[in-house]
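Descriptive structure summary
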Amino acid sequence: MYQSLVEMMMEPKGGRIASGTEYSWCRAVPGGTGIAVLAILTSKVPETSGLQDALNKLQSYHPILRSRLHTNPSKNTFSFVTSPTTFIQVKSFNLSSTSKILESSERFSIAPLQLILEHELNENAWCNLKCTSTTDMLYASSYALPDAKWVVALRLHVAACDRTTAVSLLKELLLVLVSDDDQEQEGRGEVNLAIEALIPKGKAKKALWARGRDMLTYSVNSLKSTNLKFIDAKSPRSSQVVRLQLNKDDTERILLTCKSRGIKLCGMLAAAGLIAAHNSDNQRKYAVATLTDCRSILEPPLSNHRFGFYHSAIMNTHLIKRGEKLGDLAKKIYTAFANSKHCNRHFSDMADLNFLMCKAIENPSLTPASSLRSSFMSVFEDSVFDSSNEMQQQVGLEDYMGCASVHGIGPSIALFDTIRDGRLDCVCVYPSPLHSREQMQELVEKMKSVLVQNVG
Ligand SMILES: *[C@@H]1O[C@H](CO)[C@@H](O)[C@H](O)[C@H]1NC(C)=O
């Protein structure tokens with residue numbers, strides 16, 4: 001009797017309860033939003049390159065990577081239970097099993113790397129909310145391709161992996177693959193604290209009336225804002241990807257324009273997206289979510305090598321009319337975001353947005369056509385910069401793509417941009433068949449020409 005009482009009061013041993021933002025992700029992922037995938041194309045055999053050993057090391061460095069997610073439906077809680085030992089097993093797909101997976105997806109002459117990325121975005125290990133269950137936070141697979149190429153895919157629950165984590169994960173993976181020494185890194189021991197526990201004192205505070213007013217504004221705005229045309233709102237959804245790539249010249253001109261206007265690339269990308277989407281003589285309102293990494297402004301600040309989810313979203317709506325000028329609109333969008341951030345909305349509105357997200361997940365019919373779209377588009381405040389290096393060559397890295405799924409609740413198009421060797425490389429994720437591949441390819445093509453034709 002006493003024993004069971006104690007058990008009831010305690011979470012699984014060694015566990016930390018998922019709270020706030022993490023809790024919202026635990027609610028969102030079963031529906032299909034928040035499956036983070038990093039897919040790497042390589043010309044080195046994963047087995048002989050020591051992939052398994054490398055992943056063991058990463059798992060030992062980062063407690064969250066060797067944690068399992070415990071779902072307790074009776075108490076409506078989730079917790080991360082950290083194993084003292086590593087347990088990851090790379091799942092290998094040979095040539096014939098890989099080609100079966102690729103065949104089952106529709107053909108649009110899409111590169112295998114992208115097809116495998118899409119396949120992985122829809123492998124949902126976390127789909128069971130109804131019963132007590134335990135799932136890993138990190139899964140690894142290798143897929144053999146023709147011509148002695150492989151794709152290595154890491155799949156993570158977003159509560160454990162925001163975009164900064166994914167970027168660091170790739171860097172650390174390359175590092176452990178090329179070096180033998182087993183250096184101690186920060187982060188051994190326990191799962192890092194949740195973002196809510198690290199918000200500077202007073203910054204998340206809001207008067208009760210202000211909370212009510214803002215919640216009302218958010219829900220009214222989301223109902224009034226314009227959605228991209230829904231192609232099929234009934235069928236089950238999965239995540240698909242369109243890749244937007246620009247050459248070095250165009251990228252440079254865009255970055256220079258941003259600089260001269262005193263804005264970040266996210267404003268330019270959002271403006272191009274809205275101009276490409278707006279197809280009406282009337283003014284329309286569109287919602288844009290900008291994700292900002294809070295690591296550097298937390299108390300204490302966290303390094304990029306602290307794994308977990310430390311981003312916060314700022315929601316803004318923008319009135320768009322026909323004939324908007326890219327540069328002016330970009331400035332307007334970026335300024336609205338910067339002002340919101342200046343007012344600490346990334347901290348003060350965090351709980352409200354999490355609450356609304358969970359409400360929409362519970363009641364999809366609250367959203368137009370049960371589409372579960374929370375905004376037209378999402379962008380990241382800061383772009384990722386990367387350049388080819390010695391390490392990448394040593395492990396035979398030829399290309400990679402990283403993003404997270406959005407076919408549960410989320411935007412119609414989520415942008416994950418990287419500037420690689422001076423070129424813009426942007427993974428655009430969308431829910432299918434709510435939106436079709438043709439529709440999204442057309443939108444992204446339009447964005448591209450809006451960007452290229454209206455700068456410098
Ligand atoms: C490839 O893998 C499948 C499934 O694991 C197996 O049945 C098949 O024999 C393998 N093929 C080769 C050529 O090794």
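Treat the numbers as computed from the prediction; the structure is a model and nothing was measured. (Residues numbered from 1 in each chain as written. Predicted model: local features only at pLDDT ≥ 70, side-chain atom pairs only at ≥ 80, totals over all residues. Heavy atoms only, no water.)

Taken as a whole, this structure holds zero disulfides when the rule is applied. Of the cysteine sulfurs around Cys294, a residue in no disulfide, the closest is that of Cys266, at 14 Å. (Disulfide = S-S within 2.5 Å.)

Here we come to the packing of aromatic side chains. Throughout the structure, instances matching the rule amount to seven aromatic pairs. With centroids separated by 4.6 Å and ring planes inclined at 5°, the aromatic side chains of Phe93 and Tyr143 adopt a geometry described as stacked. Of this pair, Phe93 sits in strand S5 (residues 91–93) while Tyr143 sits in strand S7 (residues 138–145); the two residues are 50 residues apart in sequence, bridging distant segments of the chain. Phe93 gets classed as buried once you look at its relative accessible area, which sits at 18%. In this arrangement the basic side chain of Arg68 is found over the ring face of Phe87, its NZ or CZ atom lying 3.7 Å from the centre. (Phe/Tyr/Trp six-rings, centres within 6.5 Å; stacked < 30°, edge-to-face > 60°. Helix = DSSP H or I, 4+ residues; strand = E, 2+ residues; numbered from the N terminus. Buried < 20%, exposed > 50% of the residue type's maximum accessible area, 1.4 Å probe, protein only. Lys NZ or Arg CZ within 6 Å of the ring centre and 35° of its normal.)

Contacts to the ligand come from Asn94, Ser96 and Ser97. Here an oxygen atom of the ligand sits 2.4 Å away from a polar atom, N or O, in the side chain of Asn94. In the complex, the protein chains occlude 20% of the 360 Å² of accessible area that the ligand would expose alone. (Near = heavy atom within 4 Å. Polar contact = N/O pair within 3.5 Å; in protein donor to acceptor, adjacent residues only side chain to side chain. Areas by Shrake-Rupley, 256 points an atom, 1.4 Å probe, with all protein chains shown as cover.)

The subject of this paragraph is the sheet that holds strand S2 (residues 33–42). Sheet architecture is open: five strands sit in the order S5-S7-S8-S2-S14, paired in mixed fashion. Either end of the sheet is taken by a strand with one partner, and the two such strands are S5 and strand S14 (397–406). Along the sheet, successive strands turn relative to each other by an average axial angle of 15°, direction set aside. Relative to S14, S2 runs antiparallel, the two being bridged by eight bridges. Paired with Ala39 across the two strands is Met401, which belongs to S14. Packing of helix H4 (residues 95–103) onto the sheet brings it into contact with S5 and S7, and relative to S7 it is tilted by some 100°. (Pairing = 2+ DSSP bridges. Axes fitted to C-alpha atoms, helices over the stretch in contact; angles between N-to-C directions. Contact = heavy atoms within 4.5 Å.)

Across the sheet, four strands lie side by side as S1-S4-S3-S6; this open sheet has antiparallel pairing. Edge positions in the sheet fall to strand S1 (15–17) and strand S6 (133–136), since each has one partner strand and no second. On average, adjacent strands in this sheet sit at an angle of 25° to one another, irrespective of strand direction. Both strand S3 (residues 67–72) and S6 contribute to a ladder of four bridges, which runs antiparallel. Residue pairing across strands places His70 opposite Thr134, the latter belonging to S6.

One frequently used descriptor of interface size is the decrease in accessible area upon assembly of the parts. Partitioning the protein chain into structural domains gives domain 1 (2–178) and domain 2 (201–453). Inter-centroid distance (C-alpha atoms) of domain 1 to domain 2 is 23 Å. Across the boundary between the two partners, domain 1 contributes 52 residues, which contact 52 residues of domain 2. The contact between domain 1 and domain 2 buries some 4,300 Å² in all, and 59% of this surface belongs to carbon and sulfur atoms. Ranking the residues of domain 1 by area buried against domain 2 places Arg27, Arg163 and Leu174 at the top, with a combined share of 15%. At the junction of domain 1 with domain 2, the criterion picks out five salt bridges. (Domains from an automatic or database assignment. Buried area = accessible area lost by both parts, 1.4 Å probe. Salt bridge = Lys/Arg side-chain N within 4 Å of Asp/Glu carboxyl O.)

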